Amino acid sequence: MNKIVPKDELVNFVGTKVEPTGWYEVTQERINMFAECTGDNYFMHVDVEKAKKTDLGGTIAHGLLTLSLTPYLMDNFPVPENMPHGLNYGYDKVRFLAPVRTGKRVRMHGEVLDVHWKDEHNCKFKVGVTVEIEGEEKPALYAEWILYYETEA
């Protein structure tokens, strides 16, 4: 669950690393559902037998599927009090560093990079996120993600 903080104190979290999330298993079923939703049915994602014959030895998650897990794994970041909603503002940087093989578990590490108040009620909250693959040295991805927070009085 997100840590709710007074909005004036949110800036004090710049440079703070948050606790890693729990592990999340990336299943073939999840990959297939993502392929169906996006229309990305490239064989490396959905054709188990054909993918086994490649140097990766099996199917892998879509890079965009891995990126799309970041909101699911976002619970450990602070948010300002009296925030009726937040929005995904975008990404300054996204790098897919290693494939996530089917059946692997991932978790997210993060750090608050910047807090910029546009005015008294609107804030851009930038976080650096790394998605780690269990048992592997190289992470799946690194992204600098910007969220837009709106607060009430």
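Residues numbered from 1 in each chain as written. Predicted model: local features only at pLDDT ≥ 70, side-chain atom pairs only at ≥ 80, totals over all residues. Heavy atoms only, no water.

- Per an unreviewed UniProt entry, the protein chain is named MaoC domain protein dehydratase, and its organism is Thiocapsa marina 5811.

Remarks on the pattern of salt bridges
In a structure, side chains of opposite charge can pair up when their charged atoms sit close to one another.
Turning to step 1, where the next piece is worked out: Per the stated rule, a full pass over the model turns up six salt bridges.
Turning to step 2, where the next piece is worked out: Between lysine 104 and glutamate 136 there is a salt bridge, with the nearest N and O atoms lying 3.5 Å from each other. With lysine 104 in the loop between β5 (85–96) and β6 (105–117) and glutamate 136 in the loop between β7 (122–133) and β8 (141–150), this pair connects stretches of sequence that are 32 residues apart.
Turning to step 3, where the next piece is worked out: Here glutamate 136 falls in the partly exposed class, since its relative accessible area comes to 24%.
Turning to step 4, where the next piece is worked out: If you follow the salt bridges from partner to partner, you end up with Asp92, Lys126 and Glu144 in one network. (Salt bridge = Lys/Arg side-chain N within 4 Å of Asp/Glu carboxyl O. Helix = DSSP H or I, 4+ residues; strand = E, 2+ residues; numbered from the N terminus. Buried < 20%, exposed > 50% of the residue type's maximum accessible area, 1.4 Å probe, protein only.)

Section: the side chain of threonine 59
Turning to step 1, where the next piece is worked out: Topologically, threonine 59 is positioned in the loop between α3 (48–52) and α4 (63–68).
Turning to step 2, where the next piece is worked out: According to the relative accessible area criterion, threonine 59 is buried, its value standing at 5%.
Turning to step 3, where the next piece is worked out: Engagement of the side chain of threonine 59 in a polar contact is seen with the side chain of glutamine 28, the distance being 2.5 Å.
Turning to step 4, where the next piece is worked out: Within the local environment of threonine 59, its side chain forms a polar contact with the side chain of threonine 102, the two groups lying 2.5 Å apart.
Turning to step 5, where the next piece is worked out: In this view, threonine 59 contacts Gln28, Phe43, Met44, His45, Val46, Asp47, Val48, Ala51, Arg101 and Thr102; residues no more than four positions away in its chain are not counted. (Polar contact = N/O pair within 3.5 Å; in protein donor to acceptor, adjacent residues only side chain to side chain. Contact = heavy atoms within 4.5 Å.)

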